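Architecture at a glance
The primary structure of each chain is shown beneath.
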Amino acid sequence: MIFGRTQRKPIAIPAKTVKEWKYSTCNYCSTGCAIELGLGEQGQIVTSRGHAGADVNRGKLCIKGLLEHELFDSPGRGKVPLLRERAHQPFAAGSWDAALDRTAEEIKRIQAQHGRDAFAVVSTGQLLTEEFYTLGKLVRGQIGTNNYDGNTTLCMASAVSGYKRSFGADGPPGCYGDFEHTHCLMAFGSNLPEQHPIIYWRLKEALEKRRFPLIVVDPRVTMLAQFADIHLAITPGTDTVLINAMMHVIFKEGLHDADYIARHTQGADELRALLADYDPKTAQHVCGIDEDRIRTVARIYAKAPRAMSIWTMGINQSTHGSDGVVDINNLNLITGNIGRPGGTSLSITGQCNAMGTREWSSCSGLPGYRQLEKPKDRQRVAEFWGIAEAFFPPARGLAQTDIFPAIETGEIKGLWLVATNPMTSMANQPRIRRAMEKLEFLVVQDVYEDVETTQYAHVFLPAAVWAEKEGCHTNTERRVNLTRNALRPYADSKPDFWIFNQMARRFEDRNKIHYPATPEGAFEEMRELSKGEGRTLDISGMSYDRIEAARGIQWPYSEARALADEARIGAADTRTALRQDFLGDARLYADGAFQTASGRANLIPVRFVNNNECPDAEYPFWLNSGRVVEHFHTRTRTGKIGNCNKFSPTPYMEMNPDAAQALGVEHQSYVRVVSRRGDAVVMVQLTQRVGRDMLFIPFHFHDCVNRLTLGLLDPHSRQPAFKQNAARIEKIDQREAARLNLERRSF
Ligand code: SF4
């Protein structure tokens, strides 16, 4: 008897002949995996692989990185500049000169009529660092608007703000290598296996070698929570209550590191005074974790010889985001867990180069973590660029989340969006849509011309992507890594670096600034600007060749240290050097000296004020949002890549089976989710991952969860609360819902 098909047609994988491998760094998430791109006979990219010699990923890639080389000629790529008189009319193709001239004229017209700040620029965390630096030079040094920010306000602003408040400067103090030294890891609102799969793999590898407790704080039973030793299913938005209660226990039971507190911190008395109000008995009723659990976790953490905390959007995307980061830093400072192997406070960043924009884009200040508020910093940069110091504003302007309300009120009339898609990514989309309609002029610069925001644009500038360009990224652990140019830009698209340089020529009537012709030239300027002045962000010892030889170098890495390293190894050609020879500092603050005026870290009391939008009788569910492993951000890229889209083609909503039964909702049926902002139709997935009073929807899809989110802002960071919203469920005709869903997928 013959089973199965009689005429078998086995899948044949065509042999791919690789003529040359080009060094690169993944352009999706902040893990910073090193990738080699395989070029075929004609110079086309035929395959890719994780770089086995890179410390970050050691040859591994996640699904996004594995398929990333398919994006270069994916559908929807912008081919030529597009222009039109009014939004929503048909676009006409134009030359680069026409598009750049029109954009420069509109910026100047708006600024002449309404003031320099009436034109705003919002960029991204996905350009290369040299491009960020160049854009900052153009915006701060020539266009001169103070309303300039990055979409990193949606993901990392609270981490930046919290680090500055605690340590006096931005910059994650730890590294992935800390997993190999820690005795306890506490993860707050971070679902590593789906968000940062290769960081998760590093953690898992460390756990396989040496067991240590993994404690996960998350309202949802995420994939990471399923692997945890202890899962604390916290009430959304109440992390500071839990941490305060843990610190209450630690001080009360004498488990704190009194010596470290005395030598390296300030503010301990004020913190201890506040913590008196956070007895676990009281705190349990607010944060939803019972008092015994709070005590147990506090003891495990404080008694561990080294303990570390990581966090992602569960902390940052909250009205208490900055306070949450400060409180995590407080916890680590009082237990002496900063700057030690396995003892750290490590914010896991979001976008591939969110760190690069924090460091060099001048969005919230001036390059190299300099501040507009400091005359010394303004003077240094003005001198370096050769412009008058008075051209800089004395303090930073609006954050991205304040720019859209300012468009609504008419304060801002024109906008330049660079590689960001607010029509999908911003909270409260109905409000964002109304703001976009009010713009006198919008220019969208993006890899894809079909991004949702382009429908409001007057000019579209097609940008090159990833290895069509050359330059650096900085990852979560401060590692600067390189992408070599592997192929020419698609059609008539141009590298963002070229676009900014061309635009700069059109503003020379304001300030004439020198712009290096190549990204490597811009990197040389950044190296120079990073020297000395006691700053941690020192990249003066790096060069493209050294970075490639080391497969990424962590800052600080000074010129003196690089010269000493070269003398030690005696390598004239650094490309042949072993990667261990150029490592930079794995950790910040190992000496206990912080970037505050006193050199001591700040212990800051954080009092919880409940300003979340909480469920009530009318809207009885918490609505939470997050990520899936196949997609990156608003799917502008992964939505075009066959297998990423095949595995995760449609938005869905996680709902608890008991809650569904009470409402008569079935698995895989469509429902309408309604909030005070709007509604969205999604397919229900019944799962115990969410509690009875919680709904979860991935945030990647257009016209979905961000039609519902409120986006209240953190007072320190201006980051929106995407994860604490109230919603209700309504039943919907299934045929109508399926039609709506198909329409959305065909966008
Ligand atoms: Fe790229 Fe992040 Fe995946 Fe690494 S983990 S391959 S950096 S998306």
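Residues numbered from 1 in each chain as written. Predicted model: local features only at pLDDT ≥ 70, side-chain atom pairs only at ≥ 80, totals over all residues. Heavy atoms only, no water.

1. Topic: the overall build of the protein chain
Let me state the cut-off plainly: Segments assigned H or I by DSSP are reported as helices when at least four residues long, segments assigned E as strands when at least two residues long, and all are numbered from the N terminus. With C-alpha atoms as the basis for the radius of gyration, the globule rule is written as 2.2 Å multiplied by the number of residues raised to the power 0.38. A simple rule labels every residue: compare its accessible area, found with a 1.4 Å probe on the protein chains alone, to the largest value its type can have, and call it buried under 20%, exposed over 50%, or partly exposed in between.
Counting secondary structure elements, the protein chain contains 26 helices and 26 strands. Relative to a compact globule of 747 residues, whose C-alpha radius of gyration would be 27 Å, the protein chain shows 25 Å and is just as compact. With the C-alpha coordinates of the protein chain rotated into their principal frame, the extents come out at 75 × 70 × 65 Å. Across the 747 residues in the protein chain, those meeting the buried criterion constitute 64%.

2. Quick look at the packing of aromatic side chains
The line we're drawing: Working definition: rings of Phe, Tyr and Trp (its six-membered ring) pair if their centres are within 6.5 Å, and the pair is stacked with planes under 30 degrees apart, edge-to-face with planes over 60 apart, and tilted otherwise. By definition here, charges over rings are those cases where NZ of Lys or CZ of Arg is within 6 Å of the ring centre and within 35 degrees of the ring normal.
Across all of its chains, the model carries 14 aromatic pairs by this definition. Each ring, one from tyrosine 200 and one from phenylalanine 227, has its centre 5.6 Å from the other, and the planes form 20 degrees; the classification is stacked. With tyrosine 200 in helix H6 (residues 197-209) and phenylalanine 227 in the loop between helix H7 (223-226) and strand S10 (230-232), the pair connects residues that are 27 residues apart, well separated along the chain. Here the aromatic residues Tyr163, Phe167, Trp311, Tyr589 and Phe594 are joined through ring pairs into a cluster of three or more. Across from the ring centre of tyrosine 515, 4.7 Å away, lies the NZ or CZ of lysine 137, which sits over that ring. We note arginine 220 situated over the ring of phenylalanine 696; from NZ or CZ to the ring centre the distance is 3.5 Å.

3. Quick look at the site of the ligand
Defined as follows: Definition of nearness: a residue and a molecule or strand are near each other if at least one heavy atom of the residue lies within 4 Å of the molecule or strand. By the convention adopted, Pro, Cys, Tyr, Trp, Phe, Met, Ile, Leu, Val and Ala count as nonpolar, Lys, Arg, Asp and Glu as charged, and the other residues, Gly among them, as polar.
Every residue close to the ligand is listed here: Cys26, Tyr28, Cys29, Thr31, Gly32, Cys33, Leu61, Cys62, Lys64, Gly65, Pro197 and Ile198. When residues of the shell around the ligand are traced back to their parent elements, those giving at least two are helix H1 (63-67) and H6. Looking at the shell around the ligand residue by residue, the class counts come to eight nonpolar, three polar and one charged.

4. Considerations on the domain arrangement of the protein chain
As a reminder of what qualifies: Reported domain spans reflect what an automatic or database domain assignment gives. We call two residues in contact whenever any of their non-hydrogen atoms come within 4.5 Å of each other. Put simply, buried area is how much 1.4 Å-probe accessible surface two parts lose in total, over both of them, once they are put together.
Segmenting the protein chain into domains produces domain 1 (20-71), domain 2 (82-153 + 353-513), domain 3 (173-348 + 596-602) and domain 4 (621-745). Between the C-alpha centres of domain 1 and domain 3 there is a distance of 33 Å. Domain 1 puts 12 residues into the contact, and the matching count from domain 3 is 11 residues. Between domain 1 and domain 3 lies a buried interface of about 900 Å² when both sides are counted; carbon and sulfur atoms form 59% of it.

5. Some thoughts on the sheet that holds strand S4 (residues 82-83)
Inclusion rule: By definition, two strands form a pair when at least two bridges between them are found by DSSP. Only the stretch in contact is used when a helix axis is fitted, and all axes are lines through C-alpha atoms; the angle between N-to-C directions ranges over 0 to 180 degrees.
Taken together, seven strands build an open sheet; the order of strands is S5-S4-S16-S15-S14-S6-S7 and the sheet is mixed. The sheet is open, and its two edges are formed by strand S5 (92-93) and strand S7 (148-150), each paired on a single side. Two strands pair when backbone bridges link them, and strand S6 (residues 119-123) and S7 are joined in this way by three bridges, in the parallel orientation. Bridge pairing in S7 places valine 122 opposite aspartate 149. Its contacts with the sheet place helix H20 (residues 496-505) against strand S14 (414-418), strand S15 (441-446) and strand S16 (459-462), and it is angled at close to 150 degrees to S14.

6. Let's talk about empty space enclosed by the protein
Here is the rule we go by: Put plainly, a pocket is an open set of points on a 1 Å grid over the protein atoms alone with protein on both sides within 12 Å along at least five of seven lines, a cavity is a set where a 1.4 Å probe fits but cannot get out, and a lining residue has an atom within 4 Å of a point. Grid points are joined across faces, edges and corners, and a volume is the space filled by probe spheres set on the points.
According to the stated counting rule, one finds seven cavities of 30 Å³ or more in the structure shown. Lining the largest cavity are 40 residues; nearest its centre among them are Gln126, Asn151, Gln351, Ala419 and His633. Mapped by element, the contributors of at least two residues to the lining of the largest cavity are S15 and strand S21 (621-626). For the lining of the largest cavity, the residue count by class is 16 nonpolar, 17 polar and seven charged.

7. A closer look at the sheet that holds S10
Two orientations exist for strands paired in a sheet by backbone hydrogen bonds: parallel and antiparallel. Pairing is parallel across the open sheet formed by five strands, whose spatial order is S10-S9-S8-S12-S13. Lying at the two open borders of the sheet, with one neighbouring strand each, are S10 and strand S13 (344-347). This sheet shows a mean twist of 15 degrees between the axes of neighbouring strands, independent of strand direction. Note that strand S12 (residues 308-311) and S13 share four bridges and pair parallel. The partner of serine 309 across the bridge, within S13, is serine 345.

8. Some points on the side chain of arginine 77
Put simply, the test is: Any pair of nitrogen or oxygen atoms within 3.5 Å is treated as a polar contact; in protein, a donor-acceptor pairing is required on top of that, and neighbouring residues in sequence qualify only through side-chain atoms on both sides.
With respect to the helices and strands, arginine 77 occurs in the loop between H1 and S4. Judged by relative accessible area, which is 1%, arginine 77 ranks as buried. Within polar-contact distance, the side chain of arginine 77 engages the side chain of glutamate 468 at 2.9 Å.

9. Brief notes about the packing of helix H3 (residues 129-143) against H20
Put simply, the test is: In this scheme, roughly parallel covers angles under 35 degrees and roughly antiparallel covers those over 145, while 65 to 115 is roughly perpendicular and the rest are oblique. Note: crossing handedness is left-handed where the near helix turns anticlockwise from the far helix by less than a right angle, and right-handed where it turns clockwise.
Viewed as axis vectors pointing N to C, H3 and H20 meet at an angle of 20 degrees, and their least axial separation amounts to 9 Å. With respect to H20, the element H3 is oriented roughly parallel. As H3 runs across H20, the sense of the crossing is left-handed. Between H3, through Glu130, Glu131, Thr134, Leu135, Leu138 and Gln142, and H20, the contact on the second element is made entirely by Asp496, Phe497, Phe500, Asn501, Met503 and Ala504. Across the contact of H3 with H20, the residue classes break down as six nonpolar, three polar and three charged.

10. Remarks on the pairing of strand S3 (residues 45-50)
The buried fraction of S3 is high, at five of six residues. Relative to S3, strand S2 (residues 34-39) runs antiparallel, the two sharing five bridges. Across the sheet, residue glycine 38 finds its bridge partner in S3, namely threonine 47. The hairpin turn running from S2 into S3, its antiparallel successor, is five residues long, and glycine 43 in that turn takes a positive phi close to 85 degrees.

11. Structural notes on H3
An α-helix turns once per 3.6 residues; consequently, residues spaced three or four apart project the same way. Threshold: Multiply 1.5 Å by the residue count of a helix minus one, and that product is the helix's expected span.
Taking 1.5 Å of rise per residue, the 15 residues of H3 would be expected to cover 21 Å, and the 20 Å separating its terminal C-alpha atoms lies within 8% of that figure. Directly beyond the C-terminal end of H3, a positive phi value near 80 degrees is found at glycine 144.

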